[in-house]
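Topology and contacts: notes
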Amino acid sequence: MHSDVVNTNHEQRTLAQQTDAELFSLFKTGNSFALGILYDRYASLVYSLALKILTNPQEAEDLTQEIFLIFLQRNTYNPNRGSLSSFISIMTRSRAIDKLRERHTNLKFLQRWCQTMNTETSSFITPVEQASLTERSQRVRNALKQLSEDQRQVLQMAYYEGLTQSEIAQRLHVPLGTIKTRARQGLLKLRQGLQDIK
Amino acid sequence: MTEVVPPDHINELLAGYVLGELSPEELEHLRQMLFENPELMTEVYGLQEVLGLIPYALPFEEPPFHLRSKIFETTNAKIGYGFRRKQFSWQWYHLASGIAALLVISLSLLGLYNSYLQVSSLQAKEVGERYLINMLCQPKTYLMPLKGIDIASAASGSIVITPGNPKATLVIQKLPSLPKGQIYRLRSVMNGKKITWGQFNADAQGSVIVQLLIPPNFKVSSLIITLESWEQSPNSIGYPVMMGIS
């Protein structure tokens, strides 16, 4: 049994060297290890982003499951158009923002019926273990620090709150043209800082 | 004839496109540019890539413990994949008694896990049991019992290694909860070298359930749990409190 476990681990470590696209192909052929490795690579990213946007652990969990199932069942990922991490985070953001808007609509409806609603939720936080993930996180944080406060603010409001540039302009009392410029130049500057990350 | 557009303007249009905030006039202008210079799509993909990296700046949070197996289960049911099962071999026939023994240990582990979950919510209990049962029912799950020694002589537990999961699950009961500044470390010994799997503490009830990354070339038969101060380096010897029963 010991040698069996070692073989299993050897196979997993071999698979762990594979690219995301290769793992996805292997999963399609029924290799469950490949699914496990893809999950371990991206579950924290998806869950953290979902939790940041939705601020509710249960909804974040449900969305994480939804994202993985959609990704695995629909063959829409094209490796030639970008990395899986970007594909999966954009998909997560998009769905989370949809749910946020849906929730806001429901909330407005409920607020008409109830005077107050306590939507406070608890969260549980554990640190991520993988070094490569930590390194990548640090690179992105550093690149974001290179942006001006204004640029960063606009990008984050758009990204995590799903606000349009018009909504951001209204909220910050700044002309729309200024918001457009901050967002575009912020993204271009981020691109310069992260050019070698794939 | 198309007018010459300054590169800065092109980049701003591309960024606006990726941000989804181009005006209809800008969008039409960009479409024209992409038609004439399809290589600009590379830049679009690059900017989309950067946008997708933004969440990496978030403080990372681990999804709930049970979600991994839940996705495995659902994927299996919905897509109808038979997760890969190797053909029956005589090796497994000869190991049948071993598997039976494993099931017996699994049941006792479930009992242990149940006692751990008595302090948790009912929902967590159901989810945890589902996860554990799923993990234990996989044909290649390997389980190594651990027994307490010395100051932790009442402690008992197991480490469970499941195919498809690069992490092992460590479950222990009756292990003294450590004060601030002290930790437990799970280690294995390979060719005289200590390999650290990870560190943890027991809760107030003396229970532990953690997932630890399986190191390469580990040897299951040489597992040991040591008590150490937080400041001690992973190379320190530590004070042995539990060991694997091979």
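Residues numbered from 1 in each chain as written. Chains lettered and ligands numbered in written order. Predicted model: local features only at pLDDT ≥ 70, side-chain atom pairs only at ≥ 80, totals over all residues.

Along the backbone of chain A there are nine helices and zero strands. Mapped in sequence order, the helices and strands of chain A form the string α-α-α-α-α-α-α-α-α. With 198 residues in all, chain A has 32% of them scored as buried. Long-range pairs, those at least 24 residues apart, make up 60% of the contacts in chain A with a sequence separation of at least 6. (Helix = DSSP H or I, 4+ residues; strand = E, 2+ residues; numbered from the N terminus. Buried ≥ 20, exposed ≤ 12 C-beta atoms within 10 Å, placed from the backbone. Contact = placed C-beta atoms within 7 Å.)

With that out of the way, let us pick up the overall build of chain B. The helix and strand inventory of chain B stands at seven helices and eight strands. Within chain B, the proportion of its 246 residues that are buried is 35%. The contacts of chain B with a sequence gap of at least 6 include a subset with a gap of at least 24, amounting to 58%.

A few words now on the pairing of strand β1 (residues 142-148) of chain B. Residue and element names in this part refer to chain B. As paired elements, β1 and strand β2 (residues 156-161) share six bridges and run antiparallel to each other. When the sheet's bridge partners are listed, Met144 is paired in β2 with Ile159. Alignment of β1 against strand β8 (residues 239-244), held across three bridges, turns out to be antiparallel. Residue pairing across strands places Gly148 opposite Met242, the latter belonging to β8. (Pairing = 2+ DSSP bridges.)

Looking now at the packing of helix α3 (residues 32-54) of chain A against helix α4 (residues 57-73) of chain A. A pair of packed helices can be characterised by two numbers: the angle between their axes and the separation between those axes. Residues and elements named next belong to chain A. Between α3 and α4, the shortest axis-to-axis distance is 8 Å and the interhelical angle comes to 135°. Classified by the angle between their axes, α3 and α4 sit oblique to one another. Viewed along their axes, α3 and α4 form a crossing whose handedness is right-handed. Residues Tyr39, Ala43, Val46, Tyr47, Ala50, Leu51 and Leu54 of α3 form the contact with α4, whose participating residues are Pro57, Glu59, Ala60, Leu63, Thr64, Ile67 and Phe68. Class assignment for the residues of the contact of α3 with α4 results in twelve nonpolar, one polar and one charged. (Axes fitted to C-alpha atoms, helices over the stretch in contact; angles between N-to-C directions. Parallel < 35°, antiparallel > 145°, perpendicular 65-115°, else oblique. Left-handed = near helix turned anticlockwise from the far one by under 90°. Nonpolar A, V, L, I, M, F, W, Y, C, P; charged D, E, K, R; others polar.)

Now for the nonpolar core. Counting 58 residues, the largest nonpolar core has Leu38(A), Val46(A), Ala50(A), Val140(A), Leu187(A) and Val18(B) as the members making the most contacts within it. Examining the composition of this core, we find that 16 residues originate from one element, α3(A), more than from any other. Sequence-distant contacts of Val46(A), defined by excluding residues within four places in its chain, comprise Thr64(A), Ile67(A), Ile88(A) and Thr92(A). In terms of nonpolar packing, the next biggest core, distinct from the first, is built from 26 residues, Leu146(B), Ala152(B), Val160(B) and Leu175(B) among them. (Core = buried A, V, L, I, M, F, W, Y, C linked by C-beta atoms within 7 Å.)

With that settled, the discussion passes to α4(A). Residues and elements named next belong to chain A. The end-to-end C-alpha separation of α4 is 24 Å, in line with the 24 Å expected for 17 residues at 1.5 Å each. Along α4, the positions that sit buried rather than exposed are Ala60, Leu63, Thr64, Ile67, Phe68, Phe71 and Leu72. Each buried residue of α4 lies within a common arc of 160° when the element is viewed along its axis, so the set occupies one face. Exposed residues pointing more than 90 degrees away from the buried face of α4 are listed as Gln58 and Gln73. (Expected span 1.5 Å × (residues − 1). Arc of directions from axis to C-beta.)

Its location among the elements puts Leu27(B) in helix α2 (residues 24-36). Between the C-alpha atom of Leu27(B) and that of Gly16(B), which follows or precedes it by eleven residues, the distance is 9.1 Å.

Moving on: the confidence of the model for chain A. Predicted coordinates in areas of low pLDDT are best not read in detail. Residue and element names in this part refer to chain A. With 77% of its residues at a pLDDT of at least 70, chain A reaches an overall mean of 77. Considering only residues more than four positions removed or in separate chains, one finds that residues 1-6, a stretch of pLDDT under 50, has eight contacts. Here residues 109-130 scores under 50 on pLDDT; set against residues more than four positions off or in separate chains, the count is 17 contacts. (pLDDT = per-residue confidence, 0-100.)

Okay, unusual backbone geometry next. In this structure, Thr55(A) is a non-glycine residue whose phi angle is positive, near 55°. For Thr55(A), the position within the fold is in the loop between α3 and α4. Take Thr55(A): there are 15 C-beta atoms within 10 Å of it, and that puts it in the partly exposed class. The backbone of Lys174(B) shows a phi angle near 60°, a positive value even though the residue is not glycine. Tracing the chain through its elements places Lys174(B) in the loop between β3 (167-173) and β4 (182-190). Judged by the 18 C-beta atoms lying within 10 Å of it, Lys174(B) is partly exposed.

This paragraph deals with the environment of Thr226(B). All names here are of chain B. Tracing the chain through its elements places Thr226 in strand β7 (residues 223-229). By the C-beta count within 10 Å, which is 21 here, Thr226 ends up buried. Separated by 39 residues in the primary sequence, Thr226 and Arg187 have C-alpha atoms spaced 7.8 Å apart. Apart from residues no more than four positions distant in its own chain, Thr226 is found in contact with Tyr184, Arg185, Arg187, Gly238, Tyr239, Pro240 and Val241.

Turning to the sheet that holds β2(B), a few remarks are in order. Residues and elements named next belong to chain B. Read from one edge to the other, the open sheet built from eight strands follows the order β5-β4-β7-β8-β1-β2-β3-β6, with strand pairing classed as antiparallel. Each edge of the open sheet is held by one strand with a lone partner, namely β5 (193-200) and β6 (208-213). Each neighbouring strand pair of the sheet contributes to a mean axis angle of 25°, computed without reference to strand direction.

What follows covers the environment of Glu12(B). Along the polypeptide, Glu12(B) turns up in helix α1 (residues 7-18). Separated by ten residues in the primary sequence, Glu12(B) and Leu22(B) have C-alpha atoms spaced 9.9 Å apart.

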